[in-house]
Amino acid sequence: MTTAISLPTAAAQDNPYALSHLDALEAEAVHIFREVAGEFENPVILFSGGKDSIVMLHLALKAFAPASVPFALLHVDTGHNFPEVLAYRDRTVTEHGLRLHVASVQEFIDSGRLRERPDGTRNPLQTVPLLDAIESNRFDAVFGGGRRDEEKARAKERVFSLRDEFGAWDPRRQRPELWSLYNGRHAPGEHVRVFPLSNWTELDVWQYIEREKIELPEIYYAHERDVFQRNGMWLTAGEWGGPKEGETPERRLVRYRTVGDMSCTGAVDSDADTIDAVIAEIAASRLTERGATRADDKMSEAAMEDRKREGYF
Amino acid sequence: MTSTTQADSLTASELAATSLLRFATAGSVDDGKSTLVGRLLHDSKSVLADQLEAVEHASRKRGQEAPDLALLTDGLRAEREQGITIDVAYRYFATPRRRFILADTPGHVQYTRNMVTGASTAELAVVLVDARNGVVEQTRRHAAVAALLRVPHVVLAVNKMDLVDYAEPVFAAIAEEFGAYAASLGVRDVTAIPISALAGDNVVEPSANMDWYGGPTLLEHLETVPVGSDPSEEPARFPVQYVIRPQSAEHPDYRGYAGQLASGVLRTGDQVTVLPAGITTTVAGIDVLGEERDIAWAPQSVTVRLAEDIDISRGDLIAAGPAPEPTQDVVATVAHLAERPLRVGDKVLLKHTTRTVRAIVKDIPYAISVDTLEQVERPGSLNVNDLGRVVLRTAEPLALDDYRSNRRTGSFLLIDQADGTTLTAGMAGEAF
C-alpha cells in the first residue's frame, strides 16, 4: 500500500454512480423508516400538516410502496391551528387511507389538566397531551420531523432518541450513534423518538418538495392576509387572542416558513408564490426559519433545550 | 442554510444536483478547531443573521469585543456552563458545488468515543495541528482513529501558520512526519494544507501570505474530493430490513425485500446468495421507491424481488459476488464506548446490519494504546475509550465482511441485554 502526501488536485472524478444530495438524504431517511418498521411494535408519525411532517409522510409512503404505510399519524392539536392546515391534514388522511389520532390541547384546558399561559402561547402546552397520547396508545416509536440544522439543542439530537417513562430527554446520557446502526432497545414505558430528517436542512426540504412535486398547505406561499405586529413578527389576527390593544391589524403580502400554533408562528413578508420563488428566497435568506418565525424559541437562549428535556417534539 | 453569494444565481434544479460530503473534524483543545469550524460556516456564508447576532450578544456578555466564532459551535447550556463540549455536534453548510455534513467532535473529554462516532460515517477527516507544536500525541491518536475507522480521506490542516511567520519549512516538516505516520497506519489518501483559521488563510479564501503553497484552500478541497467509492468495483451486499407484502387486490402476490444497498451494484437477472442460509436464486426485479428499475447501487434504498419463493426475513443478507462465510466466531477490533467495562464472559447483544443476536465475550487478547498503538496483553476488561481486540461467540451465524473491505457489513455494536446501553463499536478483522 503506497501513501504519498499529495497536494490536492482541483478536478474531482466524475462518478456515474454518484447520488445527488437529495437522493442520499432520501435513501437515509427511507432506511430509518424501515428500521423502525422492522424493530418496533407500534410506531406513529407526528403529523402537524407542516412541511417537515408532510415530507416525512411522503418518504414513508415511498419506503413501503406498493404496500401502505404501516404507521398511524398523531396530530397534537393546539386548538389554534390554521384552518388551511387542518383541511390539508384531513384530505391527506383520506387520500392515503391512514389512521389519525388527535391529541387536543383544548380538551386538556377544558378539563383543567392544563392551564392557559398568560401570553396565550400554546406551543409549550403541547408536551402534556403529546406524552399522554404516547402513553395511552402505547406508541413505542414516535417519528418527529425535527432537523439538526434548526436549533443548537437539536444539533446534538440522535436519529434514535431514547425517552424515559416521563418522556424526558437527557442530552448527557444519549447513546452514541455509529455507522447506520440504530439502537432502538427500550424498556416497557419508555419510547424512542425517531428523526428521519435529522440531516436535512430547510433548503433540502424545499428542494425535495419541488423535486417530488409535493402539495403543501397554501399558507406556505405568498398570499394577502390580515396580520399585526408583536415581538417583531407578523401574527394572524384571530380568536386565539390577538390583536390586543395598541396592536393594529393590516393587510400584507406574506407567507409562512413554518406552521405551528397561530399564537406564536409569525408570517414573513414575501412575494414568493411559487415553489421556485420560495427556494430562491430561502437560498438568499439571512435568518434561520426558527429565528424568523418562532416566538417560542426567542424566550431564552436555551428555550428549545428546556422544552426538549420535558418531552417536547 | 446555504451560501448566498453564489447560490443566488443558480436555479432550483442546479442547487438540487449537488453531492453530499460527510466529514469529521478532530483537534485538541487549543488547536483552534472551533475557530476553524466557525470560519468555515462564517466565510461560506452559512451563518445567518440571527445566529451571528446571538454570538455577538454572547461575546459581549463575556466581555469580548469581537464576535468569538468559536461560540457558533457552542451547544447546550450544560456545555456553556462548564465551558466544554460534551458531545458530537452535527453542522450543515453548503456551497453551490456541494452540501456538507460536519461531525464536530470535541478533542478532550471522552475523546475517543466521540471521534469514533464522528468518524464512523465520515468520508473525510480533518486533523488539526498547531504549527508551533507539530505532530503531538493527540495528533497520532486522531490519525489512529481515522485509520481504524477506515475514513477514506484524511486532511492534515496545519493551523496557526501566522504564528510561525507563514514559513514553508515548518509546514513541510509537519506534513512529512504526519504523512509517514498515517502511511504506517494504512491511510491511503492524506492531503496537507497550511492554514490560519483565525486570520482566514487558506480556509475559504486563498492566503496572500503563503505564495509557496500552490494547492487549493481547505474548502476547495472539501468541494472537490471524490465522494463515495465506486460501487461497480465492490460485491453487492443487501441486508434485508423488512418484507413488503401488500396483500391487496392490486398486488395480491407482491413480495419484496426492502433494504439499503450496503455496497455494490444489483441488476435484474443477477445471481445472488441469501445468507446465512446459503440459498442461491436470481433477482427478478428491483423497485426503487415505487418505480421499477433494472439496476440499483449503494447506498440506494430499494426493494428487491427474487425469482424463487424462499423464506427470507429481516436480518438476512442478499449477496452477489464473493460472499462471506457465515460464522459464529467473530474476531474484531473494538472501541469501548460505555462507562461500564466490557469483561471476558459478558453476555451481550450483537447488532450487525439488520440482525441482532446474543453473543458472549470469549476473550480479550489485548488492548491497544491509542497513543502508542502498543498492545497490552490480556487486560481482562476494556474501559471507556479503550481500543482492543475481542473474540466473540454468537448464538447464530453472521455473514460478516472484513471491516477493511466493507464499513457497513463489517461493523457491529455490542448492546447491554438488560438496559439497552450501547457498549462497544466493533470492526471485524484486523485493525491496521
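Residues numbered from 1 in each chain as written. Chains lettered and ligands numbered in written order. Predicted model: local features only at pLDDT ≥ 70, side-chain atom pairs only at ≥ 80, totals over all residues.

### Points about the overall build of chain B
If you tally the helices and strands in chain B, you get nine helices and 25 strands. In chain B, which comprises 432 residues, the proportion classed as buried is 52%. For chain B, the proportion of contacts with a sequence separation of at least 24, taken over those separated by at least 6, is 70%. (Helix = DSSP H or I, 4+ residues; strand = E, 2+ residues; numbered from the N terminus. Buried ≥ 20, exposed ≤ 12 C-beta atoms within 10 Å, placed from the backbone. Contact = placed C-beta atoms within 7 Å.)

### Some details on the overall build of chain A
A tally of regular secondary structure across chain A gives nine helices and 11 strands. Buried positions account for 53% of the 313 residues belonging to chain A. Within chain A, contacts between residues at least 6 apart in sequence are counted, and of these 75% link residues at least 24 apart.

### Observations regarding helix H1 (residues 21-39) of chain A
Under the 1.5 Å per step criterion, the end-to-end length of H1(A) is 27 Å for 19 residues, consistent within 8% with the ideal 27 Å. In terms of residue burial, H1(A) counts as a mostly covered element, since 17 of its 19 residues are buried. (Expected span 1.5 Å × (residues − 1).)

### Focus on the environment of Arg185(A)
When you line up the elements, Arg185(A) lands in the loop between strand E6 (160-163) and strand E7 (191-194). For Arg185(A) and Val259(A), which are 74 residues apart along the polypeptide, the C-alpha to C-alpha distance reads 32 Å. The contacts of Arg185(A), once residues within four sequence positions are left out, are Ile415(B) and Gly420(B).

### Examining the sheet that holds strand E3 (residues 72-77) of chain A
Residue and element names in this part refer to chain A. With mixed pairing, six strands are arranged side by side in an open sheet as E4-E3-E2-E5-E7-E6. Looking at which strands have only one partner, the edges of the open sheet turn out to be strand E4 (100-104) and E6. Sheet twist, expressed as the average angle between the axes of neighbouring strands with direction ignored, equals 30°. Taken together, the three bridges between strand E2 (residues 43-46) and E3 define a ladder with parallel strand orientation. (Pairing = 2+ DSSP bridges. Axes fitted to C-alpha atoms, helices over the stretch in contact; angles between N-to-C directions.)

### Concerning the domain arrangement of chain A
All names here are of chain A. Taken domain by domain, chain A comprises domain 1 (21-203 + 305-310) and domain 2 (218-299). Put simply, the middle of domain 1 and the middle of domain 2, counted by C-alpha atoms, are 23 Å apart. When residues of the side of domain 1 that touches domain 2 are traced back to their parent elements, those giving at least two are helix H3 (83-96) and helix H6 (202-212). Partitioning the side of domain 1 that touches domain 2 into residue classes produces four nonpolar, nine polar and six charged. (Domains from an automatic or database assignment. Nonpolar A, V, L, I, M, F, W, Y, C, P; charged D, E, K, R; others polar.)

### Topic: the confidence of the model for chain A
Taken residue by residue, chain A gives an average pLDDT of 86. The fraction at 70 or more is 88%. Across residues 1-13 of chain A, confidence stays below pLDDT 50; counting only partners more than four residues off in sequence or on other chains, it has 28 contacts. (pLDDT = per-residue confidence, 0-100.)

### What about the packing of helix H2 (residues 51-64) of chain A against H6(A)?
Residue and element names in this part refer to chain A. Closest axis-to-axis distance for the H2/H6 pair is 11 Å, and the angle between their directions is 50°. Considering their axes alone, H2 and H6 lie oblique with respect to each other. Our pair here, H2 against H6, has a crossing hand that is left-handed. Between H2 and H6, the residues in contact are Lys51, Asp52, Val55 and His58 and Val205, Tyr208, Ile209 and Glu212, respectively. (Parallel < 35°, antiparallel > 145°, perpendicular 65-115°, else oblique. Left-handed = near helix turned anticlockwise from the far one by under 90°.)

### Observations regarding helix H8 (residues 168-184) of chain B
All names here are of chain B. The end-to-end C-alpha separation of H8 is 24 Å, in line with the 24 Å expected for 17 residues at 1.5 Å each. Residues of H8 that are buried: Phe171, Ile174, Ala175, Phe178, Gly179 and Ala182. The buried side chains of H8 occupy one side of the element, clustering within an arc of 135° when seen end-on. Within two residues after H8, Gly186 carries a phi angle of roughly 90°, on the positive side. (Arc of directions from axis to C-beta.)

### As for the packing of helix H7 (residues 137-148) of chain B against H8(B)
Residue and element names in this part refer to chain B. At a minimum axis separation of 10 Å, H7 and H8 run at an interaxial angle of 40°. Pair H7 / H8 crosses with right-handed handedness. Contacts from Thr139, Arg140, Ala143 and Ala147 in H7 reach Phe178, Tyr181 and Ala182 in H8. The class makeup of the residues in the contact of H7 with H8 is five nonpolar, one polar and one charged.

### A few points about the environment of Val30(A)
Take Val30(A): it is sitting in helix H1. Separated by 33 residues in the primary sequence, Val30(A) and Ala63(A) have C-alpha atoms spaced 5.3 Å apart. In this structure, Val30(A) is in contact with Leu59(A), Lys62(A), Ala63(A), Leu289(B) and Ser301(B), ignoring residues within four places of it in sequence.

### Quick word on unusual backbone geometry
Cis geometry marks the peptide bond from Ala65(A) to Pro66(A); its omega dihedral reads 5°. Looking at the element boundaries, Pro66(A) is found in the loop between H2 and E3. In the segment running from Leu275(B) into Pro276(B), the intervening peptide bond is cis, with an omega of 5°. Mapped onto the elements, Pro276(B) comes out in the loop between strand E11 (271-275) and strand E12 (279-288). Phi at Trp179(A) is positive, roughly 45°, even though this residue is not glycine. With respect to the element layout, Trp179(A) can be found in the loop between E6 and E7. With 19 C-beta atoms packed within 10 Å, Trp179(A) lands in the partly exposed category. Notably, Arg378(B) is not glycine yet its phi reads approximately 40°, a positive angle. Within the element layout of this structure, Arg378(B) appears in the loop between strand E21 (375-377) and strand E22 (381-382). We classify Arg378(B) as exposed; it has 10 C-beta atoms within 10 Å.

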